[in-house]
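What follows is the residue order along each chain.
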Amino acid sequence: MTTWGFGRPDRPARRCAGPAAIDRWTRAPWRAAGWLLCALGLVAGTARADCTRPIRVPVAPIGMSVVTSGGEVSGVFPELMRKVAAETGCQFEFTVVPRARVEAMFAANGADVLVPATRTSKRDLHGDFIPVMKARALLISLASDRAPIESLAELAERRELRVAVVRGFDYGEPYLELLRTLKAQRRLVVEADPAAVVRALERSLADVTVMAPSILAGTLLQDSRTRPLLERLRLEPVTELTWTDSGIYLSRHLVAKDRELLADALERSARSGAAWKTVQKHYPAGSYEEGLKPLAVAK
């Protein structure tokens, strides 16, 4: 298991002059200006409120939202959190684990942050949700001449179709009910990550998957061998999976000061449009619009 941390680097303290020196400085205008700038710097410095401890953030690779490669953690949400770290002085410690373990750690208070995540009642039991964008899951397959599917209920009836999903993904109760039905019918293919789902589709081990298209597209984009599959994707909206909030959960086991500090910074990022600009930076046009959109149009 590899861990990465980032936050504000330690820097030597800068000191302002004491009272006697201030009295001498104020006799010259330029010295008075220097003293004023130093005093303002102290005020600005005290305005930063570091978190009381490092914030634990387990992550799994999810499209371009979270990328783990070559000893680096990058992507949309790590970049957002780097900006929060720079603004607040908080330090985030990232560990890379399978997605199912991310969920288990958050539920067991072994993680302070769950990212990225759609909002669900199950997750609401353990944390406070901060919406960052809108997202929806679709039925995704490789192009074929099969009859279209318009709902999860219809998918459950199409017993000839095998469905691949990522262990730990949760798109709400209709999705979880589908998984229970598919498991009982022995049509469910459960994989550890989106890349394994891609392989299952490519090798005809599964016929369809249900996930946000940005996740699958982002996974394909990272590998030159799978990138051509982007042109073959068939995306089908289903009635039970509509647009919903997607963002970040903060554990209620964080002390109130830390939780409020992080929530305020994340909410400002979403309201200002900065979070959505980060999405557009990491995802090429045409690869995310069917499954992601901003909370509101940035002005």
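Keep in mind that this is a model prediction, so the values were computed, not measured. Throughout, residues of each chain are indexed from 1 in the direction in which the sequence is written. Where local features are concerned, this predicted model is filtered to residues with pLDDT of at least 70; where side-chain atom pairs are given and counted, the filter is 80 or more; whole-chain, interface and lining totals use all residues. The side-chain numbers reported here are obtained from all heavy atoms of the structure, hydrogens and water having been left aside.

(A) Molecular detail of the pattern of salt bridges. By salt bridge we mean one thing: a side-chain nitrogen of Lys or Arg within 4 Å of a carboxyl oxygen of Asp or Glu. For the structure shown, the criterion picks out 21 salt bridges. The shortest N-O distance in the salt bridge between Glu103 and Arg123 comes to 2.5 Å. In this pair, Glu103 sits in helix 4 (residues 99-107) while Arg123 sits in helix 5 (residues 121-124), placing the two residues 20 residues apart along the sequence. As far as burial versus exposure is concerned, Glu103 and Arg123 are alike and both buried. Asp245 serves as the salt-bridge partner of Lys134, at 2.8 Å between the closest nitrogen and oxygen. Separated by 111 residues along the polypeptide, Lys134 in strand 7 (residues 127-135) and Asp245 in strand 13 (residues 244-251) bring together distant segments of the chain. Throughout, exposure labels follow a simple rule: accessible area from a 1.4 Å probe, protein chains only, divided by the maximum for the residue type, with under 20% read as buried, over 50% as exposed, and the rest as partly exposed. Looking at Lys134, the relative accessible area reads 25%, which means it is partly exposed. Each member of the salt-bridge network shares a partner with another, and the members are Arg53, Arg56 and Asp112. By definition, any uninterrupted DSSP run of H or I lasting at least four residues is a helix, any uninterrupted run of E lasting at least two residues is a strand, and each is numbered from the N terminus.

(B) Up close: helix 7 (residues 173-184). Under the convention used throughout, the expected extent of a helix is 1.5 Å for every residue step, that is, one less than its residue count. Over its 12 residues, helix 7 extends 17 Å from the first C-alpha to the last, a length consistent with the 16 Å expected when each residue adds 1.5 Å. Buried residues of helix 7: Tyr175, Leu178, Leu179 and Leu182, and no others. Taken around the axis of helix 7, the buried residues stretch over an arc of 100 degrees, which confines them to a single face. Looking at the buried positions of helix 7, the neighbouring elements they touch are helix 6 (152-157), strand 9 (163-166), strand 10 (188-191) and strand 11 (208-211). By definition, the arc is the one covered by directions from the helix axis to the C-beta atoms. Any two residues having at least one pair of non-hydrogen atoms within 4.5 Å are treated as being in contact.

(C) Structural context of the side chain of Arg99. Within the secondary structure, Arg99 sits in helix 4. In this structure the side chain of Arg99 is engaged in a polar contact, spanning 3.5 Å, whose partner is the backbone oxygen of Val115. Those residues within four positions of Arg99 in sequence are excluded, and the remaining contacts are Ala60, Ile62, Leu114, Val115, Pro116, Ala117, Arg123, Val166, Arg167, Gly168, Phe169 and Ala192. In protein, a polar contact means a hydrogen-donor-capable atom and an acceptor-capable atom, both N or O and within 3.5 Å, with residues adjacent in sequence counting only if both atoms are side-chain atoms; elsewhere, any N or O pair within 3.5 Å suffices.

(D) Geometry of the packing of helix 8 (residues 194-202) against helix 9 (residues 213-221). Note on method: axes are straight lines fitted to C-alpha atoms, helices fitted across the in-contact stretch only, with angles between N-to-C directions ranging 0 to 180 degrees. Here helix 8 crosses helix 9 at 85 degrees, and the two axes come no closer than 9 Å. The angle between helix 8 and helix 9 falls in the class roughly perpendicular. Packed against helix 8, whose contacting residues are Pro194, Ala195 and Val198, the element helix 9 presents Ile215, Leu216, Thr219 and Leu220 at the interface. Class assignment of the residues belonging to the contact of helix 8 with helix 9 gives a composition of six nonpolar, one polar and no charged. Each angle receives one of four descriptions, namely roughly parallel if under 35 degrees, roughly antiparallel if over 145, roughly perpendicular if within 65 to 115, and oblique otherwise. Residues were grouped as follows: Ala, Val, Leu, Ile, Met, Phe, Trp, Tyr, Cys and Pro as nonpolar; Asp, Glu, Lys and Arg as charged; and all remaining residues, including Gly, as polar.

(E) Local environment of the environment of Leu266. Examined against the element boundaries, Leu266 turns out to sit in helix 10 (residues 256-272). Relative accessible area serves as the criterion here: at 6%, Leu266 is assigned to the buried category. Linking Leu266 and Pro131, residues 135 residues apart in sequence, is a C-alpha distance of 8.5 Å. Ignoring anything within four residues of it in the chain, the contact list for Leu266 reads Val84, Ile130, Ile248 and Leu250.

(F) Region of the structure containing the packing of aromatic side chains. Between 30 and 60 degrees the pair is tilted, below 30 it is stacked and above 60 it is edge-to-face, where a pair is any two Phe, Tyr or Trp rings, Trp via its six-membered ring, whose centres lie within 6.5 Å. Evaluated as defined, the whole model comprises six aromatic pairs. Relative to Tyr249, the ring of Phe129 lies with its centre 5.0 Å away and its plane at 55 degrees, an arrangement referred to as tilted. Here Phe129 is found in strand 7, whereas its partner Tyr249 is found in strand 13, with 120 residues between them in sequence. Note on accessibility: Phe129 and Tyr249 belong to one class, buried. Arranged with centres 6.1 Å apart and planes meeting at 85 degrees, the rings of Phe169 and Tyr171 form a pair that is edge-to-face. Neither residue differs from the other here; Phe169 and Tyr171 are each classed as buried. Three or more aromatic residues joined by ring pairs form one cluster here, namely Phe106, Phe129 and Tyr249. Here the guanidinium or amino end of Lys293 rests over the ring plane of Trp243, the centre of that ring lying 4.6 Å away. Ring-over charges, as used throughout, are those where CZ of Arg or NZ of Lys falls within 6 Å of the ring centre and within 35 degrees of the ring normal.

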